[in-house]
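Next come the chains, spelled out residue by residue.
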Amino acid sequence: MYDAPLTRREAAVDDVKISARDVQVFYGDNHAIKDVDVDIQDKTVTAFIGPSGCGKSTFLRCLNRMNDTIDICRVEGRITIDGDDIYDKRVDPVQLRAKVGMVFQKPNPFPKSIYDNVAYGPKIHGMAKNKAELDEIVERALRRGAIWDEVKDRLHAPGTGLSGGQQQRLCIARAVATEPEVLLMDEPCSALDPIATAQVEELIDELRQTYSVVIVTHSMQQAARVSQKTAFFHLGHLVEFGETGQIFTNPEDKRTESYITGRIG
Amino acid sequence: MSDASLAPAASPRARRSLMETDAHTAKRNAAEKRFRLYGVAAICAGLFFLVVLLTSILGNGLSAFQQTFITTQVFLDPAKLDKAGNRDPDDIRKVSTFGYTPLIQNAVFEEVTSRNIETPLDSAKDMKALISASAAAQVRDFVIANPDRIGETVEFRILAASRVDGYLKDRVFREDVARDKNIDAEHLDLTDALVSAGVIAKQFNTSFIFGSDASESRAESAGLGVSMLGSFFMMLVVLVLALPIGVAASIYLEEFAPQNRFTDLIEVNISNLAAVPSIVFGILGLAVFIQFAHLPQSAPIVGGLVLTLMTLPTIIISTRASLKSVPPSIRDAALGVGASKMQAVFHHVLPLAMPGILTGTIIGLAQALGETAPLLLIGMVGYIATNYPDGFVSGFMDPNSAMPAQIYEWAKRADPAYYERAWGGIIILLVFLLTMNLIAILLRRRFERRW
């Protein structure tokens, strides 16, 4: 991915995984997200960029209904995953979150062993019949999180004892352990140093083979490096959405151009 | 940001060397130094009072753990104790303590005469002032338990009378005995002689720790044991009710309840309840549990229920505080992998909050253990003549006292012999409280995890 020129970068597949139509989000009286329409494709990295407070994280948290935990938050409009409306009454947010995994801004491993961190999701979803299967799932997840080699000898050491970058990759491993179809990442590298960031970015690119990845980032360079599609949010509006190459080289909207060139934000 | 601010502006303050302190800095440093001094002074004052408290408690109370005993050979006269001669327990029981008193007096008189101690007291009856009124009961209990020993001479360690005990502990003085109808100078002389003969001696007083309370005239046999059991049964009620109710209420309020006016109101009221004087809970318990629900008076179950009401706010407040201190990122992480709200709380949040919850609970229990005022109103303070409850149910339902109530009761009594017992009771109570605090600290250490 690092070699492909920006202009020639395109999404590989054209299946729409998540589709949002006319989404409004309110925090009490505050209208945080206004009329957002977006189609997120499968096996693609979609980046949400925009200045602080523009609503990109809020929108991301709508996609797995993490906003449900905030009492005053209200979501209107229609968000579908594979055609199912996720805000339908029949949808259990717990099942949805197993399907749409999430990685948070600050690495937040459970204060348990590395093994237990990864095994927790599969355990509560009943994915393993016995210890051997669980071991296998944990190893697969840790390998996919590109951290297996570093932790395989100390699976029962506390997850909180790892370095920041390792913790974040552990969190990614934990998120992929439940075999989700979509992976949401809320500024996954903002607490990491450049080397750890590079490792996580590389990992994100690998994850694209299997998942639809949505990443919120403050760093435009990161968006340009890892994503195929980019959405630019500003003051609660989705200003522009398109191929990453096009957004960064030839934005249609004046505001996008100003943000990318550093004049606002 | 304008470029102008980047240019080195001319400093309004005159250039001076770093080696000289300016007036402003000197003032600030002085203020800091003063503040440190205040702190050290405050801590010293606190330590001073702690030392005063501890020395006065130990100084006054340690003597309660020693009691004066008379070691003597009592002849269990079959002619008096078992007139029928068939060792029938029912017949033996018919002989009251009055039947035993002469035997004990004879035995003590025998100790005096056999040692050729010179004393104007020349009859067995004169020994009465030396012997505790509970000695007869002690011998009688022994005989009822071992009827086959009747006819033998058995060595007993009987309690000396309270005045004799007081004389050995420098509480009763020769100058004062003229005004004391319970003892006189001759008996004190005899006591001195028996002490040097080794018949009368101070020994460790187990019955002070494990025994039951005694009537006002028998200070020497009063103990804290039964009221300790009363406290134990009350704490059991508090633990069984307050911990689950308190923890469940706080988990619901903190993690599940919607934030609205109603829950705000509940929150404010819980905080207010924590500050309600405990006597108010006492009168509430009197009205609700005794007058309305007709639970027995003076019973540990009522005391436990009242103390539960009193402890609940403490437990709820500390539990909520420790739930709040669990970082929200842990909840997000659990929800993010598809845990339900309840799984997130019980698998992740609760274990992390556990040390705080346990500490709060134990502190609440310790507070309840030391509480006296509400017990006044439900009849647990006063001379409650009870022996050990025979079983769990009677432990909850039979009249009993509690440790602090017993101490209060002793402190109130006229006989100065109860004074040292009140202080001694405080030592035992403090040992319990310190132990509970120690357990709280150990549990916190044990369960503490970092994140």
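The structure displayed is predicted, hence computed values, not measured ones.

**Things to note about the overall build of chain B**
Right, so step 1: Counting its regular elements, chain B contains 18 helices and three strands.
Right, so step 2: Taken over the C-alpha trace, chain B has a radius of gyration of 32 Å; the compact-globule value for 451 residues is 22 Å, which it surpasses by more than 25%.
Right, so step 3: When the backbone C-alpha atoms are referred to their principal axes, chain B occupies close to 115 × 65 × 35 Å.
Right, so step 4: Buried positions account for 44% of the 451 residues belonging to chain B.
Right, so step 5: Taking the intrachain contacts of chain B between residues at least 6 apart in sequence as the baseline, contacts between residues at least 24 apart amount to 77%.

**A look at a nonpolar patch on the surface**
All names here are of chain B.
Right, so step 1: A cluster of nonpolar residues, Ile-279, Val-280, Ile-283, Leu-284, Val-288, Phe-292, Leu-376 and Tyr-408, forms a patch on the protein surface that exposes about 720 Å² of accessible area.
Right, so step 2: Ranked by residues supplied to the nonpolar patch, first place goes to helix 11 (residues 278-292) with six residues.
Right, so step 3: Mapping Tyr-408 onto the fold places it in helix 17 (residues 403-412).

**Quick look at the packing of aromatic side chains**
Right, so step 1: The final tally for this structure, using the stated rule, is 14 aromatic pairs over all chains.
Right, so step 2: Consider the rings of Phe-110 of chain A and Tyr-120 of chain A, whose centres lie 5.4 Å apart with planes at 75°: the pair is edge-to-face. With Phe-110 of chain A in the loop between strand 6 (100-103) and helix 3 (114-124) and Tyr-120 of chain A in helix 3, this pair connects stretches of sequence that are ten residues apart.
Right, so step 3: By way of ring pairs, the aromatic residues Phe-232, Phe-233, Phe-392 and Phe-396 of chain B are connected into one cluster.
Right, so step 4: Of note, Arg-74 of chain A hangs over the ring of Phe-26 of chain A, and the distance from its end group to the ring centre comes to 4.4 Å.

**Overview of the pairing of strand 6 of chain A**
All names here are of chain A.
Right, so step 1: Burial of the side chains of strand 6 extends over both faces: Val-100 and Met-102 are buried on one face and Gly-101 and Val-103 on the other.
Right, so step 2: Taken together, the four bridges between strand 6 and strand 7 (residues 182-186) define a ladder with parallel strand orientation. Its bridge partner being in strand 7, Gly-101 is matched across the sheet by Leu-183.

**Observations regarding the nonpolar core**
Right, so step 1: In terms of nonpolar packing, the biggest core is built from 51 residues, with Leu-375 and Ile-428 of chain B touching the most fellow members.
Right, so step 2: For this core, the secondary-structure elements that each account for two or more residues are helix 8 (206-210), helix 9 (225-256), helix 11, helix 12 (300-324), helix 14 (341-369), helix 17 and helix 18 (417-447) of chain B.
Right, so step 3: When residues in this core are grouped by element, the largest group, ten residues, is from helix 18 of chain B.
Right, so step 4: Leaving out residues up to four positions away in the same chain, Leu-375 of chain B has contacts with Met-234, Gly-303, Met-380, Val-381, Ala-402 and Ala-405 of chain B.
Right, so step 5: If you look at the next biggest cluster of nonpolar residues, it comprises 50 residues, including Ile-18, Val-25 and Ile-40 of chain A together with Leu-350 of chain B.

**Some details on the pairing of strand 8 (residues 212-216) of chain A**
In the case of a regular strand, side chains alternate between the two sheet surfaces.
All names here are of chain A.
Right, so step 1: Here strand 8 lies mainly inside the structure; five of its five residues are buried.
Right, so step 2: Side chains Ser-212, Val-214 and Val-216 project from strand 8 onto one buried face, and the interleaved Val-213 and Ile-215 project onto a second face that is buried too.
Right, so step 3: Across four bridges, the pairing between strand 3 (residues 45-49) and strand 8 is parallel. By the bridge assignment, Phe-48 is partnered in strand 8 with Val-216.
Right, so step 4: Direction of pairing for strand 7 relative to strand 8: parallel, over a ladder of five bridges. By the bridge assignment for strand 8, Val-182 is matched with Ser-212.
Right, so step 5: Taken together, strand 7, helix 7 (residues 194-207) and strand 8 form a β-α-β motif whose crossover is right-handed.

**Observations regarding empty space enclosed by the protein**
Right, so step 1: Using the criterion set out here, one finds two cavities of 30 Å³ or more in the structure.
Right, so step 2: As a volume, the largest cavity reaches approximately 70 Å³.
Right, so step 3: Class assignment of the residues belonging to the lining of the largest cavity gives a composition of three nonpolar, nine polar and one charged.
Right, so step 4: Taken as a whole, the second largest cavity holds about 30 Å³ of empty space.

**Some details on the interface of chain B and chain A**
Right, so step 1: Opposite the 22 residues of chain B that make contact, chain A presents 23 residues.
Right, so step 2: Summed over both partners, the interface of chain B with chain A buries about 1,700 Å², with 62% contributed by carbon and sulfur atoms.
Right, so step 3: At the surface where chain B touches chain A, the tally comes to zero salt bridges.
Right, so step 4: Put simply, chain B and chain A have four residue pairs in polar contact (both at pLDDT 80 or more) between them.
Right, so step 5: Of all the elements in the fold, those that place two or more residues in the side of chain B that touches chain A are helix 13 (328-336) and helix 14 of chain B.
Right, so step 6: Residue composition of the side of chain B that touches chain A, by class: eleven nonpolar, eight polar and three charged.

**A word on the side chain of Ser-212 of chain A**
Right, so step 1: In this fold, Ser-212 of chain A is placed in strand 8.
Right, so step 2: Contact partners of Ser-212 of chain A, with chain neighbours within four places excluded, come to Lys-17, Ile-40, Gln-41, Asp-42, Lys-43, Thr-44, Glu-181, Val-182 and Leu-183 of chain A.

**Details of the domain arrangement of chain B**
Residue and element names in this part refer to chain B.
Right, so step 1: Each domain of chain B was delimited in the assignment, giving domain 1 (67-203) and domain 2 (225-447).
Right, so step 2: A straight line from the C-alpha centre of domain 1 to that of domain 2 covers 45 Å.
Right, so step 3: With six residues of domain 1 at the interface, the matching set in domain 2 holds five residues.
Right, so step 4: Both faces combined, the contact of domain 1 with domain 2 buries some 360 Å², and carbon together with sulfur accounts for 32% of it.
Right, so step 5: Remark: the boundary between domain 1 and domain 2 carries three salt bridges.
Right, so step 6: Measuring nitrogen to oxygen at the nearest pair gives 3.8 Å for the salt bridge that ties Arg-163 to Asp-415.
Right, so step 7: The interface formed by domain 1 and domain 2 contains three residue pairs in polar contact (both at pLDDT 80 or more).
Right, so step 8: Considering each element in turn, the side of domain 1 that touches domain 2 owes the most residues, three residues, to helix 6 (residues 162-168).
Right, so step 9: When grouped by side-chain class, the residues that make up the side of domain 1 that touches domain 2 number no nonpolar, two polar and four charged.

**Details of the pattern of salt bridges**
Two side chains of opposite charge can pair, provided their charged atoms sit close to one another.
All names here are of chain B.
Right, so step 1: Under the defined criterion, the tally for this structure stands at 42 salt bridges over all chains.
Right, so step 2: With a shortest N-O distance of 2.7 Å, Arg-115 and Glu-111 are connected by a salt bridge.
Right, so step 3: For Arg-115, a relative accessible area of 36% puts it in the partly exposed group.
Right, so step 4: Since its relative accessible area comes to 10%, Glu-111 is described here as buried.
Right, so step 5: Through salt bridges with shared partners, a single network forms among Asp-165, Lys-169, Arg-171, Glu-420 and Arg-421.

**Re the environment of Gly-165 of chain A**
All names here are of chain A.
Right, so step 1: Relative to the elements of secondary structure, Gly-165 occurs in helix 6 (residues 164-177).
Right, so step 2: Overall, the relative accessible area of 8% leaves Gly-165 in the buried class.
Right, so step 3: In this structure, the C-alpha to C-alpha distance between Gly-165 and Thr-230, residues 65 residues apart in sequence, is 24 Å.
Right, so step 4: Not counting residues within four places of it along the chain, the set of residues in contact with Gly-165 comprises Leu-192 and Ala-196.

**Quick look at the sheet that holds strand 1 (residues 66-75) of chain B**
The strands making up a sheet are joined through hydrogen bonds of the backbone, oriented either antiparallel or parallel.
Residues and elements named next belong to chain B.
Right, so step 1: The three strands lie next to each other as 2-1-3, forming an open sheet whose pairing is antiparallel. The sheet terminates laterally at strand 2 (153-159) and strand 3 (200-204), the two strands that pair on one side only. On average, adjacent strands in this sheet sit at an angle of 40° to one another, irrespective of strand direction.
Right, so step 2: Sheet topology places strand 1 next to strand 2; seven bridges connect them, and they run antiparallel. Bridged to Phe-69 within strand 2 is Leu-159.

Rules behind the numbers
Residues numbered from 1 in each chain as written. Chains lettered and ligands numbered in written order. Predicted model: local features only at pLDDT ≥ 70, side-chain atom pairs only at ≥ 80, totals over all residues. Heavy atoms only, no water. Helix = DSSP H or I, 4+ residues; strand = E, 2+ residues; numbered from the N terminus. Rg over C-alpha atoms; globule rule 2.2 N^0.38 Å. Buried < 20%, exposed > 50% of the residue type's maximum accessible area, 1.4 Å probe, protein only. Contact = heavy atoms within 4.5 Å. Patch = residues over 30% accessible without salt bridge, like charges linked within 9 Å, V, L, I, M, F, W, Y side chains within 5 Å. Areas by Shrake-Rupley, 256 points an atom, 1.4 Å probe, with all protein chains shown as cover. Salt bridge = Lys/Arg side-chain N within 4 Å of Asp/Glu carboxyl O. Phe/Tyr/Trp six-rings, centres within 6.5 Å; stacked < 30°, edge-to-face > 60°. Lys NZ or Arg CZ within 6 Å of the ring centre and 35° of its normal. Pairing = 2+ DSSP bridges. Core = buried A, V, L, I, M, F, W, Y, C linked by side-chain atoms within 4.5 Å. Right-handed = clockwise from strand over helix to strand, strands pointing away. 1 Å grid on protein atoms, 1.4 Å probe; cavity = no way out; pocket = protein on both sides within 12 Å on 5 of 7 lines; lining within 4 Å. Points joined across faces, edges and corners; volume = space filled by probe spheres on them. Nonpolar A, V, L, I, M, F, W, Y, C, P; charged D, E, K, R; others polar. Buried area = accessible area lost by both parts, 1.4 Å probe. Polar contact = N/O pair within 3.5 Å; in protein donor to acceptor, adjacent residues only side chain to side chain. Domains from an automatic or database assignment. Axes fitted to C-alpha atoms, helices over the stretch in contact; angles between N-to-C directions.

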